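Architecture and fold: a report
One-letter residues, chain by chain:
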Amino acid sequence: MNLLAQAAPSTATTTAGANFPTIVFTLMVWLPVVLALAALVMPERTAEQRSRIRALGASGAGGALFFAIWAVQTQAAAAVAGNGGGIPSTDQLQETHGWLTALPFTSSYQLNASGVSLALVLLFAVVFFALALAAWKNQHRVKLLTVCLLTVETSFLGVLVSFDWVLFLLFWLLPVAPVYLLVRGFGRGEHPRAAGRHAAGTLVSAALLTLAATLISFQGGARSFSMGGTPVTLHGAGTGVAFWLLTAAFLLPMAVVPLHGALLDLEEDGTGVLAALFASLLPSLGAYGLLEVAVGFFPTTAVDLSLFFAVLAVATVLWSALAALRCDDLRRLIGYAGNALMGVVLLGVAGHTTIALTGALYLLIARGLAMAVLMLLASGIQERTRRTRISQLGGLMWQMPHTAAFWLAGILTAAGVPLLGGFLGMFLLFAGAFPAHRWATAAVLAGMVLVVGGLVWAAQRIFMGGEREAFARVRDLGPLELTYLGILVAVSFFFGIYPDHFTALFINGADHVLFPATYG
């Protein structure tokens, strides 16, 4: 197997004059789980041994982040030169090796990424690294938390870069057991119910994906499970059936109305690290599938059904906004805000333009960063004050000024204010969707005003007011918390101040979704 290949001519390669390894995606995906297996055999009886396991977890997440930055930077430079972010133009990082060739169908180990998947690869790698640092505070079942988080990271990143259905389904199903163990081992309240609902939802979505993959591969006549050939044309009603199977499978993890209950339970009943994982990344994984797979495979069907996505977007945003205004649970409030932002992403799908989908990619990154920051802060507030209700809090600005500052940064990122990651995403998405769905754009915009108002109102009730005696000994963020929260906020500022670095890459990815035939 040739592990080195000369990169295609681009700005990045000609300047450096280097040969890029074609195993970048393999290293990014499998490094976390390899270190998870190493951690599995390590003892954790003493504090020193537990620290070694935590260091291994941070190393796995950090290594994946390094290769993710490498891949994104390589393709961003290639996109500026005019050949990055679409498929198959990313063949300088593509990996294809024979796998299942002696069966009535063919399947290969194929890893690749468009601008859509690379946007989320960067988000996932950054958030997982921050969560690995956040998990350093944990003193309970250190090995279980480390091994499961690294395994989940491998599965999520694997989904994003898989270009074969068998491989895609393998990664899709991989986190079922780790997530179940995490929720059962570190959850609170109704965590057994939440763990069971998530496992059931993942299995249902996997079954729908299996049916769609079989239909696409066999009715298409190729008998190949490769996901590289788009758009897909099927006979008769096959196109509609496959599209709805894919859409239903990916709407489940997106947790849009009325499929939001299971995710809200996970966010409310998990620890801070788990709540941030579920709020930030799980819906984004479903959004990737909807954009890259469902719409990318069947762009004509998607545009014909754009009204469905517009209605679903309005229902999700308005329902989440009203629920957020009357919510008194801190984590659940953040969950409703995350659901509303995912409804805005659906509006971008309904818009079905390059501008709208490019905005959706920026918004997915901003949403993931904001939800991670807010969930980690909410967990810290609850742990320090022993309060879960917003109405039980107040005056925390005096004891927790740094917490208040980061909370404000998270809210502003979600709101899409200038100089933060969400601004360009909101602007492009609403501008791209407005010509096709004016009423839906106006309704979604009004709903987001209510959501942001709810978050600001919650901040006022949590931090403002006179100093309370009950919270006199509550401590502010420590150095470790300032580090991982600072990383998340710094990335948000980077996307807000310097978005042009990724614009060509994301535009090419959006074009690949909407006009896949041009990349054939």
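Cut-offs applied
Residue numbering note: each chain is counted from 1, following its sequence as written. Where totals are concerned, whole chains, interfaces and linings use all residues; where local detail is concerned, this predicted model gives features only for residues with pLDDT of at least 70, and gives and counts side-chain atom pairs only at 80 or more. Heavy atoms throughout the structure, all of them, feed into the side-chain values; hydrogens and water do not. Each helix is a run of H or I in the DSSP string that is no shorter than four residues. Each strand is a run of E no shorter than two, and both are numbered from the N terminus. Restricting the calculation to C-alpha atoms gives the radius of gyration, and the globule rule supplies 2.2 Å times the number of residues raised to the power 0.38. Between buried and exposed lies partly exposed: a residue is buried under 20% and exposed over 50% of the maximum accessible area for its type, with that area taken using a 1.4 Å probe on protein chains only. In this description, contact between two residues means that some pair of their heavy atoms is separated by no more than 4.5 Å. For accessible areas, the Shrake-Rupley method is used with a probe of radius 1.4 Å. Any residue's cover is judged against the shown protein chains and nothing else. The charged-residue count follows a simple rule in which Lys and Arg add positive charge and Asp and Glu add negative charge, with His and chain termini not counted at all. Charge positions come from single atoms, namely NZ of Lys, CZ of Arg, CG of Asp or CD of Glu. We count a salt bridge whenever a side-chain nitrogen from Lys or Arg sits within 4 Å of a carboxyl oxygen from Asp or Glu. For cavity detection a 1 Å grid was placed over the protein atoms alone, and a set of points counts as a cavity when a 1.4 Å probe fits there but cannot get out; an open set counts as a pocket when protein lies on both sides within 12 Å along at least five of seven lines, with lining residues being those that have an atom within 4 Å of a point. Grid points are joined across faces, edges and corners, and a volume is the space filled by probe spheres set on the points. Following the grouping adopted for this structure description, the nonpolar residues are Ala, Val, Leu, Ile, Met, Phe, Trp, Tyr, Cys and Pro, the charged ones are Asp, Glu, Lys and Arg, and the polar ones are all others, Gly among them. Residue-level confidence of the predictor is summarised by pLDDT, bounded by 0 at the bottom and 100 at the top. Two strands qualify as a pair provided that DSSP identifies no fewer than 2 bridges between them. Here a polar contact means two N or O atoms within 3.5 Å. Within protein one must be a hydrogen donor candidate and the other an acceptor candidate, and residues neighboring in sequence count only if both atoms are side-chain atoms. Put simply, two rings from Phe, Tyr or Trp (the six-membered ring, in Trp's case) pair if the centres are within 6.5 Å, and we call them stacked under 30 degrees between planes, edge-to-face over 60, tilted for the rest. Every helix has an expected span of 1.5 Å times one less than the residues it contains. Angles here are taken between N-to-C directions and fall from 0 to 180 degrees, while the axes themselves are lines fitted to C-alpha atoms, restricted in helices to the stretch in contact. Throughout this description, any angle smaller than 35 degrees is read as roughly parallel, any larger than 145 degrees as roughly antiparallel, any in the 65 to 115 degree range as roughly perpendicular, and the remainder as oblique. The sense of a crossing depends on the near helix, which, turned anticlockwise from the far helix by less than a right angle, makes the crossing left-handed and, turned clockwise, makes it right-handed.

1. Overview of the overall build of the chain
- Each helix and strand in the chain was counted, giving 21 helices and two strands.
- In terms of overall size, the chain behaves like a compact globule, its C-alpha atoms giving a radius of gyration of 22 Å where 520 residues would be expected to give roughly 24 Å.
- With the principal axes as the frame, the chain shows a C-alpha extent of 70 × 60 × 45 Å.
- For the chain, buried positions account for 62% of its 520 residues.
- If you take every contact in the chain between residues at least 6 apart in sequence, the share linking residues at least 24 apart comes to 82%.
- A total of about 18,600 Å² of accessible surface is found on the chain, and carbon and sulfur atoms cover 67% of it.
- Across the chain, the mean location of the 25 positive side-chain charges is 10 Å away from that of the 22 negative side-chain charges.

2. A word on the pattern of salt bridges
- Evaluated as defined, the whole model comprises five salt bridges.
- Between Arg52 and Glu48 there is a salt bridge; the shortest N-O distance is 2.8 Å. In this pair, Arg52 and Glu48 both sit in helix H3 (residues 47–80), four residues apart, roughly one turn of the helix.
- Among the salt bridges present, the one from Asp265 reaches Arg197, with a minimum N-O distance of 2.7 Å. Of this pair, Asp265 sits in helix H10 (residues 261–269) while Arg197 sits in helix H8 (residues 191–219), placing them 68 residues apart in sequence.

3. Topic: empty space enclosed by the protein
- Under the definition given, this model contains five cavities of 30 Å³ or more.
- If you add up the space inside the largest cavity, you get close to 140 Å³.
- Forming the boundary of the largest cavity are 15 residues, of which Gly57, Ala132, Ala135, Thr146 and Leu149 lie nearest the centre.
- Of all the secondary-structure elements, those providing two or more residues to the lining of the largest cavity are H3, helix H4 (115–134) and helix H5 (142–161).
- Among the elements that make up the lining of the largest cavity, the one with the highest residue count is H5 (six residues).
- Class assignment of the residues belonging to the lining of the largest cavity gives a composition of ten nonpolar, three polar and two charged.

4. Remarks on the confidence of the model for the chain
- Scored by pLDDT, the chain comes out at a mean of 87, with 92% of its residues at no less than 70.
- Across residues 1–20, confidence stays below pLDDT 50; counting only partners more than four residues off in sequence or on other chains, it has 31 contacts.

5. A short note on the pairing of strand E2 (residues 107–111)
- The buried count for E2 comes to five of five residues, which makes it a mostly enclosed element.
- What you see with E2 is no split at all: Ser107, Tyr109 and Leu111 on one side and Ser108 and Gln110 on the other are buried throughout.
- Two strands pair when backbone bridges link them, and strand E1 (residues 95–100) and E2 are joined in this way by five bridges, in the antiparallel orientation. Note that in E2 the partner of Leu100 across the bridge is Ser107.

6. Side note on the side chain of His512
- Here His512 lies in helix H21 (residues 500–514).
- Its relative accessible area of 6% is what places His512 among the buried residues.
- Here Glu292 takes part through its side chain, which lies 3.3 Å from a polar atom of the side chain of His512.

7. A word on the packing of aromatic side chains
- Per the stated rule, a full pass over the model turns up 27 aromatic pairs.
- Where Phe423 meets Phe427, the ring centres are 6.4 Å apart and the plane angle is 20°; that geometry is what we call stacked. Here Phe427 and Phe423 lie together in helix H18 (residues 422–433), a separation of four residues that amounts to about one turn.
- Owing to a relative accessible area of 35%, Phe423 belongs among the partly exposed residues under this scheme.

8. A closer look at helix H19 (residues 438–463)
- Relative to the 38 Å expected for 26 residues at 1.5 Å per residue, H19 spans 38 Å between its end C-alpha atoms, a close match to the ideal helical length.
- Immediately downstream of H19, the backbone of Gly465 shows phi near 100°, a positive value.

9. Quick notes on the packing of helix H16 (residues 354–385) against H21
- Where H16 meets H21, the closest approach of the two axes is 8 Å, and the angle between their N-to-C directions is 120°. The orientation of H16 with respect to H21, classified from their angle, is oblique. In this structure, H16 meets H21 at a crossing whose hand is right-handed. Along the contact surface, H16 presents Thr354, Leu357, Thr358, Leu361, Tyr362 and Ile365, while H21 presents Phe502, Thr503, Phe506, Ile507, Ala510, Asp511, Val513 and Leu514.
- Among the residues forming the contact of H16 with H21, the class breakdown is ten nonpolar, three polar and one charged.

10. Points about the packing of helix H17 (residues 401–415) against H19
- Where H17 contacts H19, the axes come no closer than 10 Å and their chain directions differ by 175°. One element, H17, and the other, H19, form an angle in the roughly antiparallel class. On H19, the residues touching Thr403, Ala404, Trp407, Ile411, Ala414 and Ala415 of H17 are Met448, Val452, Leu455, Val456, Ala459, Ile462 and Phe463.
- Across the contact of H17 with H19, the residue classes tally to twelve nonpolar, one polar and no charged.

11. Quick look at the environment of Leu480
- Tracing the sequence through the fold places Leu480 in helix H20 (residues 479–497).
- In this structure the C-alpha to C-alpha distance between Leu480 and Val311, which are 169 residues apart in sequence, comes to 43 Å.
- Beyond its immediate stretch of four places on either side in the chain, Leu480 contacts Leu133, Trp136 and Lys137.

12. Side note on unusual backbone geometry
- Residue Pro258 follows Val257 across a cis peptide bond; omega there is 10°.
- Within the secondary structure, Pro258 is located in the loop between helix H9 (238–254) and H10.
- Backbone geometry at Ala255 places phi at a positive 60°, although glycine is not the residue there.
- For Ala255, the position within the fold is in the loop between H9 and H10.
- The exposure class of Ala255 is buried, given its relative accessible area of 1%.

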